[in-house]
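A look at the structure
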Amino acid sequence: MAERLVADVIVERLQAWGVDRIFGYSGDGINTVLGALRRSGSPEFVQARHEENAAFMAVGHAKYTGRPGVVLSTQGPGAVHLLNGLYDAKMDSVPVVAIIGQQSRSVLGSAYMQEIDLLNLTRDVASSFRQQVNSPEQLPLVLDRAFKAALADRAPAVVIIPHDVQQAPAPELEQEHGIVTSAPVWSPPNLVPADADLEAAAAVINDGERVAFLVGQGARGAWPQVRALAEKTGAGITTSLMGKPYVDESHPLAAGVMGHLGTSASGYVLGQCDTLVIIGSNDPWTEFYPPPGAARAVQIDVDAAAIGNRYPVEVAVTGDAAAALEGLLPLVSERSGWRSSVETAVQDWNQLAAERAATPANPVNPELAVRELGSRLPENAQVAVDVGSSVYWYARQLRLPAGVPAHLSSTLASMGCSIPYGLAAKLAAPDRPVVALSGDGAMQMAGLSELITVSRLWPRWADPRFVLMVLNNRELAEVTWEQREMEGDPRFDQSQALPDFSYAAYAELLGLQGIRVEDPAQIGAAWDAALDADRPVLIEVLSDPDIPLLPPFPAGRTKGQDMLDALEKEGPDTAHARELVETYLRQEEGLSST
């Protein structure tokens, strides 16, 4: 029998932690670990096209499954490539463990080939835990601590393993000075909120007449309690972008996503409330919160350090969201509050969303393209969304069936995440369909290469459906509209125009199915065909770049005028865009006057 190596111990420890899949890309700095994976047969190694995408896959795995994602990379450029995905994990608070190779200890400090100070490189992104393994005996302890830190802190942890340590004989840990043995076990804490905090929170809520909820990803699994408390108090329910999947948006009090890309109903609820209850959210769009002092606030979060970070709250309730809301229910008084006003705002928003999706465009309105998915989305689907204008249409037009997960790079807002996320979701549940939404900028940045991975893996999936819709407008549309709105600058063609590319034809080249939509009348049939196909499908929608990314009112009034002023500077070629901005403003003004 061949000698067991430290690399074999790495694999065994990953198995002990229940890791069934590792994402990565090979390189000489991890060859010994790859050999151990080959010998063992598990965990499965998923080869991405780029280490950044592998890290996004690990983040996606953590988001869709709730279990730590693991990414494996060589030293030097491979390690550098991981950073974007690791920052995504840090900023969206999900557990990821990165195992990174390093040159042999004997050459460290010599400016050796691909030698990078990995501890300093990862200092910020892995602030919870990062460690280089300097002896074989240290390895089990370091891996155990990495997983525990990632799970406890909901953050990335980094383990750096020099090549010669990987190749060393597996250690036999004896009980002696200088040797620490550990166990691959972890259990989440049961954070029960204090009775005094619940009573103080209830007092604030009971004093309010117009109560609003802001629900984030920390309310995962707490929808029954959120709904019950809202119905008892007549509260309006808004969500952060990451909180959207955890609220049933068909509820009459559900006002939708808040913020720049949110709904007008959320703008009304947060702008008019006198009491704010923040539930598991750390959303950074502070200009869309009530003005400081306009509302008394309560915040519920498992992370005590997060409370009061975004708004001057009066009462902090540290604990699990479901438990806290369950405890609040008998303490709050039952009343209608401003329920009728909230329901009217929600109905108005639903009418506005439908009207905007039906607004004629050249050639296809992207709002319509996403809206048409809503009634067709399978109840067991998983959704991945890329960064760009597609996020706006997802937030405003896609109503998720109860229990359908949807994820994106939210706080980091990094383009190129949708296909890596979707692949992670599909590999974790190959019997469930995946739907991904992307713009053409994100596809050209990272998606085209990772579509090769889809073409390689799909034949083994129990359910072959992996549907990707690409909004092809030949434009970095979100940045273009940001330039107009925030800077008052006209569009800069050299910066914003994208090379024309046939995404549907590329999908066909890879053995997938491509559907090209050039007419709004075709979009429903395209979704139907894609969701009934026997292989992955790319729907390429030729969408209108002039559809404005108008913030919800009241901020939208001023921002819309800023957009018009910038368009005026661009000259007569922007007549269509100006007409659309004016149309969108009229549509919302009409609702706000009713």
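Refer to the structure above for everything that follows.
Please read all numbers here as calculations on a predicted model, not as lab measurements.

1. Overview of the sheet that holds strand 15 (residues 434–439)
- What the six strands build is an open sheet, ordered 14-13-15-16-18-17; its pairing is parallel. The sheet is open, and its two edges are formed by strand 14 (406–407) and strand 17 (513–517), each paired on a single side.
- Across four bridges, the pairing between strand 13 (residues 382–385) and strand 15 is parallel. For alanine 384, the partnering residue across the bridge sits in strand 15 and is alanine 436.

2. A look at helix 3 (residues 51–65)
- Taking 1.5 Å as the rise per residue, helix 3 with 15 residues should run 21 Å; its terminal C-alpha atoms sit 21 Å apart, in good agreement.
- Remark: glycine 66 follows helix 3 within two positions and exhibits a positive phi of approximately 80 degrees.

3. So, the nonpolar core
- By size, the foremost hydrophobic cluster in this structure holds 54 residues, and its most contacted members are Phe213, Ile237, Leu276, Ile279 and Leu328.
- Considering each element in turn, this core owes the most residues, six residues, to helix 12 (residues 339–357).
- Every residue in contact with isoleucine 279, bar those within four places of it in the chain, is listed here: Phe213, Leu214, Val215, Gly216, Ala219, Val226, Ile300, Ala321 and Leu325.
- Among the nonpolar cores identified, the runner-up in size contains 52 residues, and Trp393, Ile523, Trp527 and Ile547 belong to it.

4. Some points on the side chain of serine 409
- Mapped onto the elements, serine 409 comes out in the loop between strand 14 and helix 15 (418–428).
- Using a relative accessible area of 1% as the deciding quantity, one classes serine 409 as buried.
- For serine 409, the side chain forms a polar contact with the main-chain nitrogen of serine 414, separated by 3.0 Å.
- Once residues lying within four places of it in the same chain are set aside, the contact partners of serine 409 are Lys63, Asp88, Asp92, Val387, Ser414, Cys417 and Tyr421.

5. Digging into the pattern of salt bridges
- The final tally for this structure, using the stated rule, is 28 salt bridges.
- Close ionic contact of glutamate 540 with arginine 516 constitutes a salt bridge, the shortest N to O distance being 3.1 Å. In this pair, glutamate 540 sits in strand 18 (residues 537–542) while arginine 516 sits in strand 17, placing the two residues 24 residues apart along the sequence.
- Judged by relative accessible area, glutamate 540 falls into the buried class, the value being 0%.
- Put simply, Asp20, Arg21, Glu44, Arg67 and Arg460 are held in one network by salt bridges that share partners.

6. Describing the sheet that holds strand 1 (residues 21–24)
- With respect to topology, six strands assemble into an open sheet ordered 2-1-3-4-6-5, the strand pairing being parallel. Each edge of the open sheet carries a strand with a single partner, namely strand 2 (44–47) and strand 5 (129–132). Pairs of neighbouring strands in the sheet enclose a mean axial angle of 20 degrees, with direction left out of account.
- Sheet topology note: the strand 5/strand 6 (residues 156–162) ladder contains four bridges and is parallel. In the sheet register, glutamine 131 faces strand 6, and the bridge partner there is valine 159.
- Across the sheet, helix 6 (residues 139–153) lies against strand 3 (69–73), strand 4 (96–102), strand 5 and strand 6, angled at about 165 degrees from strand 6, the strand it touches most.

7. Looking at the packing of helix 9 (residues 223–233) against helix 11 (residues 321–328)
- Two elements in contact, helix 9 and helix 11, have axes separated by 9 Å at closest approach and are oriented at 30 degrees. Relative to helix 11, helix 9 is oriented roughly parallel. Note on packing geometry: the crossing formed by helix 9 with helix 11 is left-handed. For the pair formed by helix 9 and helix 11, the contact residues are Gln225, Val226 and Leu229 on the first element and Ala322, Leu325, Glu326 and Leu328 on the second.

8. Quick look at empty space enclosed by the protein
- Evaluated as defined, the whole model comprises three cavities of 30 Å³ or more.
- Counted as a void, the largest cavity has a volume near 70 Å³.
- In terms of lining, the largest cavity is formed by Lys63, Gln217, Arg220, Leu241, Met242, Pro245, Tyr246, Ala406, His407 and Leu408.
- Pro366, Ser389, Trp393, Leu471, Asn473, Ala477, Trp481, Ser543, Asp544, Pro545, Ile547 and Leu549 are the residues that line the second largest cavity.
- Mapped by element, the contributors of at least two residues to the lining of the second largest cavity are helix 14 (389–397) and helix 17 (477–487).
- Its residues placed into classes, the lining of the second largest cavity shows eight nonpolar, three polar and one charged.

9. Remarks on the packing of aromatic side chains
- By the definition in use, this model includes nine aromatic pairs.
- Between the aromatic rings of tryptophan 285 and phenylalanine 288, the centroid separation amounts to 6.0 Å while the plane-to-plane angle is 75 degrees, which identifies the pairing as edge-to-face.
- For the pair tyrosine 289 and tyrosine 311, a centre-to-centre distance of 6.0 Å together with 15 degrees between the ring planes defines the contact as stacked. With tyrosine 289 in the loop between strand 10 (275–279) and strand 11 (296–301) and tyrosine 311 in the loop between strand 11 and strand 12 (315–318), this residue pair connects regions lying 22 residues apart in the sequence.
- Relative accessible area serves as the criterion here: at 6%, tyrosine 289 is assigned to the buried category.
- Across the ring face of tryptophan 481, the terminal group of arginine 484 is positioned such that the distance to the ring centre comes to 4.5 Å.

Conventions used here
- Residues numbered from 1 in each chain as written.
- Predicted model: local features only at pLDDT ≥ 70, side-chain atom pairs only at ≥ 80, totals over all residues.
- Heavy atoms only, no water.
- Pairing = 2+ DSSP bridges.
- Helix = DSSP H or I, 4+ residues; strand = E, 2+ residues; numbered from the N terminus.
- Expected span 1.5 Å × (residues − 1).
- Core = buried A, V, L, I, M, F, W, Y, C linked by side-chain atoms within 4.5 Å.
- Buried < 20%, exposed > 50% of the residue type's maximum accessible area, 1.4 Å probe, protein only.
- Contact = heavy atoms within 4.5 Å.
- Polar contact = N/O pair within 3.5 Å; in protein donor to acceptor, adjacent residues only side chain to side chain.
- Salt bridge = Lys/Arg side-chain N within 4 Å of Asp/Glu carboxyl O.
- Axes fitted to C-alpha atoms, helices over the stretch in contact; angles between N-to-C directions.
- Parallel < 35°, antiparallel > 145°, perpendicular 65-115°, else oblique.
- Left-handed = near helix turned anticlockwise from the far one by under 90°.
- 1 Å grid on protein atoms, 1.4 Å probe; cavity = no way out; pocket = protein on both sides within 12 Å on 5 of 7 lines; lining within 4 Å.
- Points joined across faces, edges and corners; volume = space filled by probe spheres on them.
- Nonpolar A, V, L, I, M, F, W, Y, C, P; charged D, E, K, R; others polar.
- Phe/Tyr/Trp six-rings, centres within 6.5 Å; stacked < 30°, edge-to-face > 60°.
- Lys NZ or Arg CZ within 6 Å of the ring centre and 35° of its normal.

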